[in-house]
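As a plain string of letters, each chain reads:
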Amino acid sequence: MKIPFNIIEQLKRKSGNGLRLPSDCEYLSLDIESKTGVRIGATTLKRLLGFASDERQPHTSTLDAIARYLGYKHWDELAKMEDKGNSDFGTTDEEVRSADVSPGSEVLFTYLPDRRVRLHYLGGCRYRVVESENSKLLVGDELEVQNFVLHHPLLAVNVWRGCQSLGPFTAGRVSGLSSVKVLS
């Protein structure tokens, strides 16, 4: 279950954290625990925020802790809150989450000085490079990526060239990604 966009926006404001990377869930977990006394694991928060694809329903106590953190008595009260016109299908102009990309789609990203990479999404956070200009990634390489965030470095958990693991890879280490777009 992914929690609604408007509630994610409230979590961002309350925590002072943009919640753009899976690792941001560690900080959110600690902040929720310090303010409510209830520990919600970072892995659970990753599922709820859409960093991981998982349809398991969270425990009511987990949702109630999030509601209390945001100043509500319980989840039902928070869930009934008016959306106030916000709408979202899981992506923004600034972020692409692998959990929201359909297998077979492509993701195009650029970074300085003149790097351009187009990836074919295989599913399960795994991509194959189909076009690469001025990048250390080669056509045919496969990489595991949780999300692509504009103006943040791309962090690939692992890159495979043929059967060989090359280990983690970072693109745009200094200035982040210049552009990111999902192609149908």
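Cut-offs applied
- Residues numbered from 1 in each chain as written.
- Predicted model: local features only at pLDDT ≥ 70, side-chain atom pairs only at ≥ 80, totals over all residues.
- Heavy atoms only, no water.
- Salt bridge = Lys/Arg side-chain N within 4 Å of Asp/Glu carboxyl O.
- Buried < 20%, exposed > 50% of the residue type's maximum accessible area, 1.4 Å probe, protein only.
- Helix = DSSP H or I, 4+ residues; strand = E, 2+ residues; numbered from the N terminus.
- Pairing = 2+ DSSP bridges.
- Axes fitted to C-alpha atoms, helices over the stretch in contact; angles between N-to-C directions.
- Phe/Tyr/Trp six-rings, centres within 6.5 Å; stacked < 30°, edge-to-face > 60°.
- Lys NZ or Arg CZ within 6 Å of the ring centre and 35° of its normal.
- pLDDT = per-residue confidence, 0-100.
- Contact = heavy atoms within 4.5 Å.
- Core = buried A, V, L, I, M, F, W, Y, C linked by side-chain atoms within 4.5 Å.

**A word on the pattern of salt bridges**
Going through the model one piece at a time under the given rule, you end up with 12 salt bridges. Here Arg-97 and Glu-95 are joined by a salt bridge, their closest N and O atoms 3.0 Å apart. On the basis of relative accessibility, which here comes to 4%, the residue Arg-97 falls in the buried class. For Glu-95, a relative accessible area of 7% corresponds to the buried category. Between Glu-133 and Arg-116 there is a salt bridge, with the nearest N and O atoms lying 3.9 Å from each other. Here the residue Glu-133 occupies a position in strand β4 (residues 126-133), and Arg-116 occupies one in strand β3 (residues 115-123), the gap between them amounting to 17 residues. What makes Glu-133 partly exposed here is its relative accessible area of 36%. Since its relative accessible area comes to 27%, Arg-116 is described here as partly exposed.

**Thoughts on the sheet that holds strand β7 (residues 154-161)**
The antiparallel open sheet is built from seven strands, whose spatial order is β8-β7-β5-β4-β3-β2-β9. The open sheet is flanked by β8 (164-171) and β9 (177-183), the only strands paired with a single partner. The sheet shows a mean angle of 30 degrees between the axes of neighbouring strands, direction not considered. Relative to β9, strand β2 (residues 106-111) is paired through six bridges, and the arrangement is antiparallel. Directly across from Glu-106, in β9, lies its bridge partner Leu-183.

**Describing the packing of aromatic side chains**
Counted by the stated rule, this structure contains four aromatic pairs. Ring centres of Phe-109 and Tyr-111 lie 6.0 Å apart, and the angle between their planes is 20 degrees; this geometry places the pair in the stacked category. Residue Tyr-111 is classed as buried on the basis of its relative accessible area of 8%. Clustering of aromatic rings is evident, with ring pairs tying together Phe-109, Tyr-111, Tyr-121, Tyr-127 and Phe-148. Directly above the ring of Trp-160 sits Arg-126, whose terminal nitrogen or CZ lies 3.7 Å from the centroid.

**Considering the confidence of the model for the protein chain**
Of the residues in the protein chain, 93% have a pLDDT of 70 or more, and the chain-wide mean is 87. For the protein chain, helix α5 (residues 75-79) is the element with the lowest average pLDDT, namely 84, and β4 is the one with the highest, namely 97. Scored below 50 in pLDDT, residues 82-91 shows nine contacts in the model against residues more than four places distant or in partner chains.

**Notes on the nonpolar core**
Ranked by size, the top nonpolar core spans 24 residues in total, and within it Ile-3, Leu-11, Leu-49, Ile-66, Leu-70 and Trp-75 carry the most contacts. Breaking this core down by element, the ones donating at least two residues are α1 (5-15), α2 (24-36), α3 (42-49), α4 (60-69) and α5. Counting residues per element, this core draws most heavily on α4, which supplies five residues. Those residues in contact with Leu-11 that lie beyond four places of it in its chain are Ile-3, Leu-19, Leu-49, Ile-66, Tyr-69 and Leu-70.

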